[in-house]
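# Secondary and tertiary structure notes
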Amino acid sequence: MAGRHRRPPTGEQAALPTDADLRLLAITEGRTIVDEGVATLPGGRHPYAYRTLYRPDGRVERLLERLDPGPRQPPGPAPAD
C-alpha cells in the first residue's frame, strides 16, 4: 500500500520566489509590506523608481516608473552664441 505522504518537491518546484519572505511577512502580520527604491536596468542609463506592495491576502502589486533625468542645461538664461 502506498504511503499518504507525497515526495518533497525537487528542482524548480522546490525553489521559493526570491520575495517569499516579504510575502509571508505580510500574510502572517496581516498588513501591507512596502518595498521601494531606485534602480537602473541592466545596460541602461536611466534611473527607475520601483515600489512593490505585498498584501495580506497574498497579492503582489509592482509599480515601475522612469525618473526624469533633469534638464539638459543648467537653469537660467541660455548662453549667447
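Structure first, text after, so check above.
Described in the following lines is the structure provided in the data block. (Residues numbered from 1 in each chain as written. Predicted model: local features only at pLDDT ≥ 70, side-chain atom pairs only at ≥ 80, totals over all residues. Heavy atoms only, no water.)

### A word on the overall build of the protein
Under the convention used in this document: Helix and strand assignments follow DSSP, with helices taken as H or I runs no shorter than four residues and strands as E runs no shorter than two, numbered in order from the N terminus. Accessible area is worked out with a 1.4 Å probe on protein chains only. A residue is then buried under 20% of its type maximum, exposed over 50%, and partly exposed in between. Note on definitions: a residue-residue contact is assigned when non-hydrogen atoms from the two residues lie within 4.5 Å. Surface exposure here means Shrake-Rupley accessible area, sampled with a 1.4 Å probe, where a residue is shielded only by the protein chains that are shown.
From N to C terminus, the protein includes one helix and three strands. Reading the protein from its N terminus to its C terminus gives the helix and strand order α-β-β-β. Out of the 81 residues in the protein, the part that is buried amounts to 10%. Pairs at least 24 residues apart make up 21% of the contacts formed inside the protein by residues separated by at least 6 positions. Carbon and sulfur atoms provide 53% of the accessible area of the protein, an area that totals close to 7500 Å².

### As for the sheet that holds strand β2 (residues 47-54)
The strands making up a sheet associate through backbone hydrogen bonding, with each pair oriented either parallel or antiparallel. As a reminder of what qualifies: Paired strands, as defined in this entry, are two strands with at least two bridges between them according to DSSP. Fitted lines through C-alpha atoms serve as axes, helices being fitted only where they are in contact, and the angles separating the N-to-C directions of these axes extend from 0 to 180 degrees.
One open sheet accounts for three strands, arranged β1-β2-β3; its pairing is antiparallel. The two strands at the open ends of the sheet, each matched to only one other strand, are β1 (33-40) and β3 (60-66). Strand-to-strand twist of the sheet, defined as the mean angle between neighbouring strand axes without regard to direction, takes the value 15 degrees. Each of β1, β2 and β3 is contacted by helix α1 (residues 20-29), which is oriented at about 155 degrees to β1, the strand it contacts most.

### Quick word on the pairing of β3
With seven bridges connecting them, β2 and β3 associate as antiparallel partners. Bridge pairing links Tyr 54 to Val 60 in β3. What sits between the antiparallel neighbours β2 and β3 is a turn of five residues, in which Gly 58 has the positive phi angle 100 degrees.

### Brief notes about the environment of Glu 36
Filter applied, for reference: Two N or O atoms form a polar contact when they lie within 3.5 Å of each other; inside protein one atom must be a possible hydrogen donor and the other a possible acceptor, and for residues adjacent in sequence the pair counts only when both atoms belong to side chains.
With respect to the helices, strands and loops of the structure, Glu 36 is situated in strand β1. When its relative accessible area of 46% is taken as the criterion, Glu 36 is described as partly exposed. On a C-alpha basis, the gap between Glu 36 and Ala 49 in space is 7.5 Å, while along the polypeptide they are 13 residues apart. Apart from the residues within four sequence positions on either side, Glu 36 is in contact with Tyr 50 and Arg 51. At a separation of 2.6 Å, a polar atom in the side chain of Glu 36 contacts the side chain of Arg 51.

### Brief notes about the pattern of salt bridges
Keep this limit in mind: Within this document, salt bridges are pairs made up of a side-chain nitrogen of Lys or Arg and a carboxyl oxygen of Asp or Glu, the two lying within 4 Å of each other.
In this structure the tally under the stated criterion is five salt bridges. Two residues, Glu 61 and Arg 55, come together in a salt bridge whose shortest N-O distance is 3.2 Å. On the basis of relative accessibility, which here comes to 28%, the residue Glu 61 falls in the partly exposed class. Given the relative accessible area of 23%, Arg 55 is considered partly exposed. Each of Arg 55, Asp 57, Arg 59 and Glu 61 takes part in salt bridges that share partners, so that together they form one network.

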